[in-house]
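Next come the chains, spelled out residue by residue.
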Amino acid sequence: MKKRSFCLLMAMIMVLSLAGCSVVESAKSNVADKQIADEATGNSKASETDEEAVGECPRIKFTTVYPEFDLQYLSAWTVKAEVENECYAKLNKSVKKVFEDDYKEFCARLEEESAESEEYNKNLVDDGTYNQMYYTDYKQPVLRRSDDKVVSINLVQYAYSGGAHGGESDYTYNFDTQTGKLLDFTDLGDISAEVKEYILSYIDSNEDIKESLFEEYKDTIETDFSDNTCSLPFYLDGRGLTVIFPQYEIAPYATGKVFITVPYEEIKNFEQKYIPTEDFYIIDLEDYWYSQKVDVNGDGTEEEISLQLQYDENYEYVTGATLDVGKSSVDVGTQSAHESYSGLFVHKNDHNYMFIKTDDSNDWKGVMIYELGDKIELLQEIGEGLSIMY
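Every value quoted in this text rests on a predicted model; they were computed, and no experiment measured them.

Draft legend 1. Layout of the confidence of the model for the protein chain. For the protein chain, per-residue confidence averages 84 on the pLDDT scale, and residues scoring 70 or more make up 82% of the total. In the model, residues 1-48 has pLDDT below 50 throughout and makes 55 contacts with residues more than four positions away in sequence or in other chains. Within the model, the stretch residues 385-390 combines pLDDT values under 50 with 14 contacts to residues more than four positions away or in other chains.

Draft legend 2. Broad picture of the nonpolar core. If you look at the biggest cluster of nonpolar residues, it comprises 56 residues, and the most contacted ones within it are Ile199, Leu241 and Leu323. A total of five residues in this core trace back to one element, the largest contributor, which is helix 3 (residues 192-204). Those residues in contact with Leu241, other than ones at most four positions away along the chain, are Phe185, Leu188, Ile191, Phe234, Tyr235, Leu236, Ile260, Thr261, Val262, Tyr264, Ile267 and Phe270. If you look at the next biggest cluster of nonpolar residues, it comprises 15 residues, including Val83, Val95, Leu155 and Phe175.

Draft legend 3. Spotlight on the pattern of salt bridges. In this structure the tally under the stated criterion is 18 salt bridges. The salt bridge involving Lys80 is made with Glu100; its shortest N-O contact spans 2.9 Å. With Lys80 in strand 2 (residues 74-83) and Glu100 in helix 2 (residues 89-126), the pair connects residues that are 20 residues apart, well separated along the chain. Between Arg145 and Asp147 there is a salt bridge, with its nearest N and O atoms 2.7 Å apart. We note that Arg145, like Asp147, is buried.

Draft legend 4. Main features of the packing of helix 3 against helix 5 (residues 217-224). Relative orientation of the contacting elements helix 3 and helix 5 amounts to 165°, with a least axis distance of 10 Å. Here helix 5 runs roughly antiparallel to helix 3, going by the angle between their axes. The two elements helix 3 and helix 5 cross, and the hand of that crossing is right-handed. In this structure, helix 3 uses Lys196, Ile199, Leu200 and Ile203 to contact helix 5, whose residues at the interface are Tyr217, Lys218, Ile221 and Glu222. When the residues that make up the contact of helix 3 with helix 5 are grouped by side-chain class, the tally is five nonpolar, no polar and three charged.

Draft legend 5. Just helix 5, in detail. Every buried residue of helix 5 is accounted for by Tyr217, Thr220, Ile221 and Asp224. Projected onto a plane normal to the axis of helix 5, the buried residues spread over an arc of 100° and lie on a single side. Opposite the packed face of helix 5, turned more than 90 degrees from it, sit the exposed residues Asp219 and Thr223. In the core, the buried residues of helix 5 are packed alongside helix 3, helix 4 (207-210) and strand 7 (240-245).

Draft legend 6. Summary view of the packing of aromatic side chains. Applying the stated rule across the entire model yields 16 aromatic pairs. Relative to Phe234, the ring of Phe185 lies with its centre 5.3 Å away and its plane at 85°, an arrangement referred to as edge-to-face. Taken together, the residues Phe185 in the loop between strand 5 (167-176) and helix 3 and Phe234 in strand 6 (residues 234-236) connect sequence positions 49 residues apart. Classification of Phe185 as buried rests on a relative accessible area of 3%. Judged by relative accessible area, Phe234 falls into the buried class, the value being 7%. Joined through ring pairs, the aromatic side chains of Tyr198, Tyr202, Phe259, Tyr288, Trp289 and Tyr290 make up one cluster. Across from the ring centre of Tyr103, 4.5 Å away, lies the NZ or CZ of Lys80, which sits over that ring. The ring of Tyr171 is capped by Lys139, whose NZ or CZ atom sits 4.2 Å from the centre of that ring.

Draft legend 7. Broad picture of the pairing of strand 12 (residues 318-325). Within strand 12, six of the eight residues are buried, which leaves the element mostly enclosed by the surrounding structure. Connecting strand 11 (residues 303-311) to the antiparallel partner strand 12 that follows it, the hairpin turn spans six residues, and Tyr315 within it adopts a positive phi of roughly 60°. If you look at the hairpin formed by strand 12 and strand 13 (residues 328-332), you'll find two residues sitting between the two strands, and Gly326 has a positive phi there, around 60°.

Draft legend 8. Local environment of helix 3. Between its first and last C-alpha atoms helix 3 spans 18 Å; for 13 residues at 1.5 Å apiece the expected length is 18 Å, and the two agree. On the buried face of helix 3, the contacting elements are helix 4, helix 5, strand 7, strand 8 (258-263) and strand 10 (292-294).

Draft legend 9. Structural view of a nonpolar patch on the surface. Together, Leu309, Tyr311 and Tyr315 give the surface a local cluster of nonpolar side chains, amounting to about 310 Å² of exposed area. Within the element layout of this structure, Tyr315 appears in the loop between strand 11 and strand 12.

Draft legend 10. Inspection of the pairing of strand 4 (residues 150-160) at higher detail. Buried residues dominate strand 4, accounting for nine of its 11 residues. For strand 3 (residues 135-146) and strand 4, the ladder comprises 10 bridges, and the chain directions are antiparallel. In the strand pairing of strand 4, Val142 is matched with Asn154. Hairpin connection from strand 3 to strand 4: three residues lie between these consecutive antiparallel strands. For strand 4 and strand 5, the ladder comprises 10 bridges, and the chain directions are antiparallel. Paired with Val150 across the bridge in strand 5 is Asp176.

Draft legend 11. Expanded view of the sheet that holds strand 12. Sheet architecture is open: four strands sit in the order 10-11-12-13, paired in antiparallel fashion. In this open sheet, the two strands that pair with only one neighbour each are strand 10 and strand 13. Strand-to-strand twist in this sheet, taken as the mean axis angle between neighbours without regard to direction, amounts to 25°. Examined bridge by bridge, strand 11 and strand 12 share seven bridges and lie antiparallel to one another. Of the residues in strand 12, the one forming a bridge with Leu307 is Leu323.

So, how was this worked out
- Residues numbered from 1 in each chain as written.
- Predicted model: local features only at pLDDT ≥ 70, side-chain atom pairs only at ≥ 80, totals over all residues.
- Heavy atoms only, no water.
- pLDDT = per-residue confidence, 0-100.
- Contact = heavy atoms within 4.5 Å.
- Core = buried A, V, L, I, M, F, W, Y, C linked by side-chain atoms within 4.5 Å.
- Buried < 20%, exposed > 50% of the residue type's maximum accessible area, 1.4 Å probe, protein only.
- Helix = DSSP H or I, 4+ residues; strand = E, 2+ residues; numbered from the N terminus.
- Salt bridge = Lys/Arg side-chain N within 4 Å of Asp/Glu carboxyl O.
- Axes fitted to C-alpha atoms, helices over the stretch in contact; angles between N-to-C directions.
- Parallel < 35°, antiparallel > 145°, perpendicular 65-115°, else oblique.
- Left-handed = near helix turned anticlockwise from the far one by under 90°.
- Nonpolar A, V, L, I, M, F, W, Y, C, P; charged D, E, K, R; others polar.
- Arc of directions from axis to C-beta.
- Phe/Tyr/Trp six-rings, centres within 6.5 Å; stacked < 30°, edge-to-face > 60°.
- Lys NZ or Arg CZ within 6 Å of the ring centre and 35° of its normal.
- Pairing = 2+ DSSP bridges.
- Expected span 1.5 Å × (residues − 1).
- Patch = residues over 30% accessible without salt bridge, like charges linked within 9 Å, V, L, I, M, F, W, Y side chains within 5 Å.
- Areas by Shrake-Rupley, 256 points an atom, 1.4 Å probe, with all protein chains shown as cover.

In C-alpha cells form, the structure reads like this:
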C-alpha cells in the first residue's frame, strides 16, 4: 500500500494541479449562466446542488483506527473516512456512516479472531510448543476516483490466521458525489449483460489471462452477473468500470485477484451523469498481472504496456526491470539495482507518463518519471540514493 500511495501522490501533484482550476472555473461559470437564465424565466427555485460543490473535487481524509479492546495475539487496524469540503455535507454524512458501520463489523470480527488466536496459542503452550503465532487483520484504502460526480473507494483487507499464506479481500464503495447516495450496480444503468459480455470477450481474446483461469470460469462469471446485477466488488475510475474477481473466484491463489476494466465507451447503457468530464486516468500496474493496452501516441492503435522484473540466474534477486511499451523497451535501474519496482501509468489529455517507484529494505526509495509517446523518454529521476520517509 505504501507503494501505491507514494506513486499516487507523485502523479496527483503533476497532473491534478494542471487540471483542477479549469474544471472548477468552467463549472462555476455554468452555474452562473443557469442562475441568470432562471431569473430571466422566473424559475428561481433553489437547485439541489450547491454552487460551491459543482466542479470541486472532494477531499477525502482517511484516519487509521484500532479496536478499543486488547488484542494479545492479533495485530489489526482499519480506517475511517470523511470529506473535508464543507460543500459536500450529504456526501460526508454518507461516507462517515459507511465507514463507521464497516468499523463496527470489523471489530465484531476481531473479537472472534482474538478469542480464536488466544485459544490457538494456549494449545501451543499445552503441547509444549512455545513459538507464539500472531494473527493479522487490517484494511487499507485506495481512492480510485474523487470528482464532482463520483467518489469511489476500494478497501483492501489482508488477513492471516495460520497456514501457508494470508489472503486479500476487497470492499468497494461508490458514492454519488452530489447526493451522497451509495451506488448499487443497478444505479449505473441496465448494464449487467454488456459488462459480462465485454469481460468474457476480453478474456477470450487474451491468452495470457485465459490460460491462468479455472476451466469453469465462464460458468462462474455467468453466475456473478445473474439477476441483472453484479455480485462482485467494482469501482469507477477515470477509465471505466473495474470488476474485481477475488482470489479463487475464477483463478487459483497463485494467479491472484483478477481486475478487468470495462471502458465507459463500451457500456452503451451506462448512466451518463457518472462518466468523468476530464480525460484523466491512472493505471496501477500492481493491480494487473497481465499487460495493459493503451493508445500512448494518439495514432488510434493500442499498445501493450508492462513493467517486467529482471532476476539473477538463480531467480533469487531482482537485478532490474524493463519497461515495455508496444515494440519499444528500456531497461530501468540496471545501473543501481533495487529490490522492487512498481509502475503507475498516468494519462492526461494527450500526454502519457509512467511513474516507476523503486524500493529497498533499508527504506531507500526513488521515483523515475517517463513520458510515453513515439519513444520512451526519461523526464526526471527523484530521490535516487535518498531515504524518503512518509
